[in-house]
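Coordinates in review
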Amino acid sequence: QVQLVESGGGLVQAGDSLSLSCAASGRYFSRHVLAWFRQAPGKTREFLSSISWREHADYASSVEGRFIISRDNVKNTTYLQMNNLKPENTAVYYCPAGWTSLGRNVADYDYWGQGTQVSVSS
């Protein structure tokens, strides 16, 4: 079992930036693919970005150029730097881990954190 704990969410204004963190522990391997998804009320869980252990990154078109994913394999932590946030970005942000290279589907990931709430006011 892999444990993933997201943190860094909060209430910000439109145009602000925010950085999220996700710490992995338990039966976690450094070669796991790590990703970020978000889910707004009444909507499906949406892929945002993924990163391999060698730091090859993939981005959804909705966030490319605005969000940046990174990872620290010593700290077993992945980060999501979010810039120019918009009210429609309000959602719970999740950090999953899996073995599918550059997977973009929920089913590609085996382990999920509890999520962290990001609220963006207009």
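These remarks concern the structure in this document. (Residues numbered from 1 in each chain as written. Predicted model: local features only at pLDDT ≥ 70, side-chain atom pairs only at ≥ 80, totals over all residues. Heavy atoms only, no water.)

Here we take up the pairing of strand β4 (residues 33–39). With 6 of its 7 residues buried, β4 lies for the most part within the structure. In the sheet, β4 pairs with strand β10 (residues 96–98) via 2 bridges, with the strands oriented antiparallel. Paired with Val33 across the strands is Gly98, a residue of β10. Note: β4 against strand β5 (residues 46–51), 5 bridges, orientation antiparallel. Within β5, the position partnered with Trp36 by the bridge is Ser49. (Buried < 20%, exposed > 50% of the residue type's maximum accessible area, 1.4 Å probe, protein only. Helix = DSSP H or I, 4+ residues; strand = E, 2+ residues; numbered from the N terminus. Pairing = 2+ DSSP bridges.)

So, on to the environment of Asp110. Relative to the assigned elements, Asp110 resides in the loop between β10 and β11 (111–112). Between the C-alpha atoms of Asp110 and Tyr79, which are 31 residues apart in sequence, the distance is 19 Å. Not counting the four nearest positions on each side in its chain, Asp110 is found in contact with Ala97, Gly98 and Trp99. (Contact = heavy atoms within 4.5 Å.)

With respect to the helices and strands, the residue Arg38 is situated in strand β4. Residue class for Arg38 comes out buried when judged on its relative accessible area of 8%. Polar side-chain contacts of Arg38 include one of 3.1 Å to the side chain of Tyr93. When neighbours within four sequence positions are excluded, Arg38 is seen to be in contact with Thr44, Arg45, Glu46, Leu48, Ser62, Val63, Phe67, Asn89, Ala91, Val92 and Tyr93. (Polar contact = N/O pair within 3.5 Å; in protein donor to acceptor, adjacent residues only side chain to side chain.)

Purely geometric numbers; function is a separate question.
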